[in-house]
Amino acid sequence: MGNSRRNFFRHIGSLGAGVVVGQKALADQRDPHAQHTEHMQHPSAQPSKKAAKIQTRAVVVESLLVETPDVPKLPWKMVDGVREFHLVAEPVRTEFVPGRVVDAWGYNGSMPGPTIEANEGDRVRVIFDNHLPEMTTVHWHGFEVPMNMDGVPGLGQDPVMPGGRYVYEFTLHQHGTFFYHSHFAMQEMAGMIGLFIMHPKETYQPKAHRDFGLILQEWALLPNNTVPNTLAMEFNWLTINGKAGPACTPMLVRLGERVRLRIVNLGMDHHPMHLHGNTWVVTGTEGGRVPGAAWIPGNTELVGVAQARTMEFEAKYVGDWMLHCHLPHHMMNQMVSMVGPISHLGHGMHTGMSMENGMGMLRDGNALSEDFGPSFGRDIGESARMERAVTHLVGSPLAAQKPRQESPSQPPQAQGHQGHKTQGHAGHGGDVMYPVDDPVKKQVPGYPQDMWMDTSHWVPNKPEFYGLRPTWDRAMMGMMTLVRVLPPDLYDKIMELKQQEPQEGQMPTKAKPPHPHKH
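**Notes on the overall build of the chain**
A count of helical and extended segments in the chain gives 5 helices and 25 strands. Across the 519 residues that make up the chain, the buried fraction comes to 48%. Considering only intrachain contacts with a sequence separation of at least 6, the fraction spanning at least 24 residues in the chain is 73%. If you sum the accessible surface of the chain, you get close to 25200 Å²; carbon and sulfur atoms cover 57% of it.

Set out below in structure tokens:
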């Protein structure tokens with residue numbers, strides 16, 4: 001009998017160890033294919049001082065953790081059968097591209113906020129602290145939770161004041177792609193959003209091998225200003241997971257894998273997201289999984305404001321495939337006042353109106369006057385400093401006047417480096433462009449229209465960029481990123497380079513950047 005009792009408790013102990021292993025697997029973000037054993041509280045149970053007596057069950061789930069490039073995961077711990085997270089609202093200084101500093105608001109030092117992952121059936125507790133200088137709340141977008149947990153200030157709860165704390169706790173009985181955000185509108189536009197993934201009890205079929213989460217945002221930033229204007233109706237920076245092209249970390253896929261893309265949009269614009277070279281099916285919305293019979297094939301999906309869309313495809317074709325918003329002005333950064341000379345004589349539609357006007361920041365005059373009416377273009381950023389005076393009389397004899405002479409202090413551009421200022425790049429013929437002052441080309445109505453730009457200084461030194469063509473960044477701007485479908489040898493090489501990266505908390509060693517390798 002004594003042996004039986006010992007064996008029984010030994011068996012219970014081993015079961016508990018399996019549960020701990022399962023929890024560790026969900027928290028370990030380095031293993032996206034981990035098979036874990038889950039410790040779950042019965043959905044009907046409520047937390048209490050007797051939580052230790054609540055029956056638990058070990059459920060073996062093949063969990064595919066979601067990868068969110070450039071965004072961390074929010075850690076958790078199991079407390080009395082409840083999956084507990086600690087979420088902190090606070091100002092966050094970040095960079096959209098290297099050198100472009102932005103003072104945003106986010107959570108736990110990240111903008112967007114860290115990704116939260118849990119399982120259908122989990123009891124979840126989020127201890128929320130407000131480190132902002134003003135009140136806020138957290139809304140759990142799309143969650144079916146009690147009203148006082150919904151996060152609407154005034155209606156369901158009192159606002160969380162600066163330095164205050166509020167504990168959100170609820171049971172998850174849904175599954176799919178969801179998100180959390182502040183329920184103060186301008187705080188949303190300051191960056192306060194994060195993904196919340198609810199994994200299903202039963203693995204989705206067909207089974208995906210790679211699962212990625214992306215958040216779309218837009219921003220209005222004046223030159224030499226790090227604080228976005230959250231009241232803006234026009235935007236000049238477009239980001240995916242807080243980064244703008246070409247600085248978005250590519251998503252890596254091995255040839256033949258099934259890929260899941262989860263995309264959430266929280267801003268002022270809808271975004272038709274387009275994937276090159278592949279056909280996907282839409283398998284989910286912000287309401288959860290769509291039945292297979294209703295899946296729609298395509299390659300462009302409109303992700304509306306406050307919506308989530310989940311797409312899946314088979315990675316059958318090797319290539320570095322662009323994923324981007326197809327609105328033309330969302331495929332650029334720091335847009336300038338006009339593209340091509342356009343005339344404006346007297347009243348009518350203006351060109352080259354300033355970004356300040358577009359954002360409603362008027363320094364004088366009447367806001368309803370014709371001077372502040374609709375206009376083409378914007379005036380902001382690096383490219384604005386490179387603008388040159390051109391005649392509005394496109395195609396006229398005046399446009400063919402003798403080109404401006406270089407001043408003695410300005411030597412002519414070297415042969416092979418002519419083009420937009422700072423855009424020459426020796427050794428790549430694609431960078432050799434039109435001279436700055438070409439009287440013949442100026443006679444072509446609308447010239448210039450191209451947006452080719454050397455942005456290699458904005459590309460982070462990461463293994464994920466290994467093997468791309470030397471000029472891959474020239475047309476990668478705004479709301480653009482890459483899904484790289486790689487042959488096994490190149491995929492393995494990049495994974496090897498990633499393993500050589502310094503671990504968090506270690507000082508990086510000085511290393512030579514990987515040599516570009518075509519494939």
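**Considering the packing of aromatic side chains**
Scanning the model with the defined rule gives 15 aromatic pairs in all. Ring plane angle 80 degrees and centroid distance 5.8 Å describe the contact between Phe 143 and Phe 170, whose orientation is recorded as edge-to-face. Of the two residues, Phe 143 is situated in the loop between strand S8 (139-141) and strand S9 (165-171) and Phe 170 in strand S9; the sequence distance between them amounts to 27 residues. The exposure class of Phe 143 is buried, given its relative accessible area of 7%. Through pairs of rings, three or more aromatic residues link up here, namely Tyr 107, Phe 128, Trp 140, Phe 143, Tyr 166, Tyr 168, Phe 170, Phe 178, Tyr 180 and Phe 196.

**Notes on the pattern of salt bridges**
Under the defined criterion, the tally for this structure stands at 22 salt bridges. In this structure, the salt-bridge partner of Arg 210 is Glu 67, at a minimum N-O distance of 2.9 Å. Taken as a pair, Arg 210 in strand S12 (residues 210-219) and Glu 67 in the loop between strand S2 (56-62) and strand S3 (76-79) lie far apart in primary sequence, 143 residues in all. On the basis of relative accessible area, Glu 67 is assigned to the partly exposed category, the value being 23%. A salt bridge links Asp 122 to Arg 83, with the nearest nitrogen and oxygen atoms 2.7 Å apart. Here Arg 83 lies in strand S4 (residues 82-95) and Asp 122 lies in the loop between strand S6 (113-119) and strand S7 (123-130), a separation of 39 residues in the sequence. According to the relative accessible area criterion, Arg 83 is buried, its value standing at 1%. What you see here is one network of salt bridges that share partners, running through Asp 211, Arg 258, Arg 260, Arg 262, Arg 289, Glu 312 and Glu 314.

**Topic: helix H5 (residues 488-499)**
The first and last C-alpha atoms of H5 sit 16 Å apart over 12 residues, in line with the 16 Å expected at 1.5 Å per residue. Next to the buried residues of H5 lie S12, strand S14 (251-254) and strand S25 (480-486).

**With respect to the side chain of Thr 137**
The topology assignment puts Thr 137 in the loop between S7 and S8. Among the residues examined, Thr 137 registers a relative accessible area of 0% and is labelled buried. Here Gly 151 takes part through its backbone oxygen, which lies 2.7 Å from a polar atom of the side chain of Thr 137. Not counting the four nearest positions on each side in its chain, Thr 137 is found in contact with Gly 151, Pro 153, Gln 157, Asp 158, Pro 159, Val 160, Tyr 168, His 181, Ser 182, His 183 and Phe 184.

**Brief notes about the pairing of strand S11 (residues 193-199)**
For S11, a buried count of 7 out of 7 residues is recorded, marking the element as mostly surrounded by other parts of the structure. Of the two faces of S11, the one holding Ile 193, Leu 195, Ile 197 and His 199 and the one holding Gly 194, Phe 196 and Met 198 are both buried throughout. Bridging between strand S10 (residues 176-181) and S11 involves 6 bridges; their strand directions are antiparallel. Counterpart to His 181 in the pairing with S11 is Ile 193.

**So, the nonpolar core**
Leu 87, Trp 140, Phe 143, Tyr 168, Phe 170 and Phe 196 are the most contacted members of the largest nonpolar core, which totals 27 residues. In this structure, Leu 214, Ile 240, Val 253 and Val 259 belong to the second largest nonpolar core, which totals 24 residues.

**Things to note about the sheet that holds S25**
Taken together, the 5 strands give an open sheet; going across it, the order is S14-S25-S22-S16-S20, and neighbouring strands pair in mixed fashion. The strands lining the two open edges of the sheet, one partner per strand, are S14 and strand S20 (300-303). Ignoring which end each strand starts from, the neighbouring axes of this sheet average 20 degrees apart. Sheet topology places strand S16 (residues 271-275) next to S20; 4 bridges connect them, and they run antiparallel. Paired with His 271 across the strands is Val 303, a residue of S20. The strands that H5 touches are S14 and S25; relative to S14, the one it contacts most, it runs at about 135 degrees.

**Concerning the sheet that holds S10**
With mixed pairing, 4 strands are arranged side by side in an open sheet as S6-S11-S10-S8. Among the strands making up the open sheet, the edge pair consists of S6 and S8. Pairwise comparison of adjacent strand axes, ignoring direction, gives a mean angle of 25 degrees for this sheet.

**Thoughts on the pairing of strand S5 (residues 101-107)**
The side chains of a regular strand alternate between both faces of the sheet. Sheet topology places S4 next to S5; 7 bridges connect them, and they run antiparallel. Paired with Val 92 across the strands is Ala 104, a residue of S5. Where S4 folds back on S5, the antiparallel hairpin that results is connected by 5 residues, among which Gly 99 adopts a positive phi of roughly 100 degrees.

**Brief notes about unusual backbone geometry**
Residues Met 111 and Pro 112 are joined by a peptide bond in cis, for which omega reads 0 degrees. When you line up the elements, Pro 112 lands in the loop between S5 and S6. Between Gly 245 and Pro 246 the backbone carries a cis peptide bond, its omega angle lying at 10 degrees. In this structure, Pro 246 sits in the loop between strand S13 (237-240) and S14. Positive phi values are uncommon outside glycine, yet Asp 70 reaches one of about 70 degrees. Among the secondary structure elements, Asp 70 is positioned in the loop between S2 and S3. Classification of Asp 70 by relative accessible area gives partly exposed; the value is 27%.

**Focus: the environment of Met 186**
The residue Met 186 is located in helix H2 (residues 185-189) in this model. It is 7.1 Å that separates the C-alpha atoms of Met 186 and Leu 231, two residues lying 45 residues apart in sequence. Not counting chain neighbours up to four residues away, the residues in contact with Met 186 comprise Thr 230 and Leu 231.

**Brief notes about the side chain of Ser 110**
Positionally, Ser 110 belongs in the loop between S5 and S6. Note on Ser 110: relative accessible area 7%, which makes it buried. The residues touching Ser 110, leaving out its near neighbours within four places in the chain, are Val 71, Pro 72 and Val 92.

Procedures and definitions
- Residues numbered from 1 in each chain as written.
- Predicted model: local features only at pLDDT ≥ 70, side-chain atom pairs only at ≥ 80, totals over all residues.
- Heavy atoms only, no water.
- Helix = DSSP H or I, 4+ residues; strand = E, 2+ residues; numbered from the N terminus.
- Buried < 20%, exposed > 50% of the residue type's maximum accessible area, 1.4 Å probe, protein only.
- Contact = heavy atoms within 4.5 Å.
- Areas by Shrake-Rupley, 256 points an atom, 1.4 Å probe, with all protein chains shown as cover.
- Phe/Tyr/Trp six-rings, centres within 6.5 Å; stacked < 30°, edge-to-face > 60°.
- Salt bridge = Lys/Arg side-chain N within 4 Å of Asp/Glu carboxyl O.
- Expected span 1.5 Å × (residues − 1).
- Polar contact = N/O pair within 3.5 Å; in protein donor to acceptor, adjacent residues only side chain to side chain.
- Pairing = 2+ DSSP bridges.
- Core = buried A, V, L, I, M, F, W, Y, C linked by side-chain atoms within 4.5 Å.
- Axes fitted to C-alpha atoms, helices over the stretch in contact; angles between N-to-C directions.

Everything listed here is a matter of coordinates, which is why it stays silent on function.
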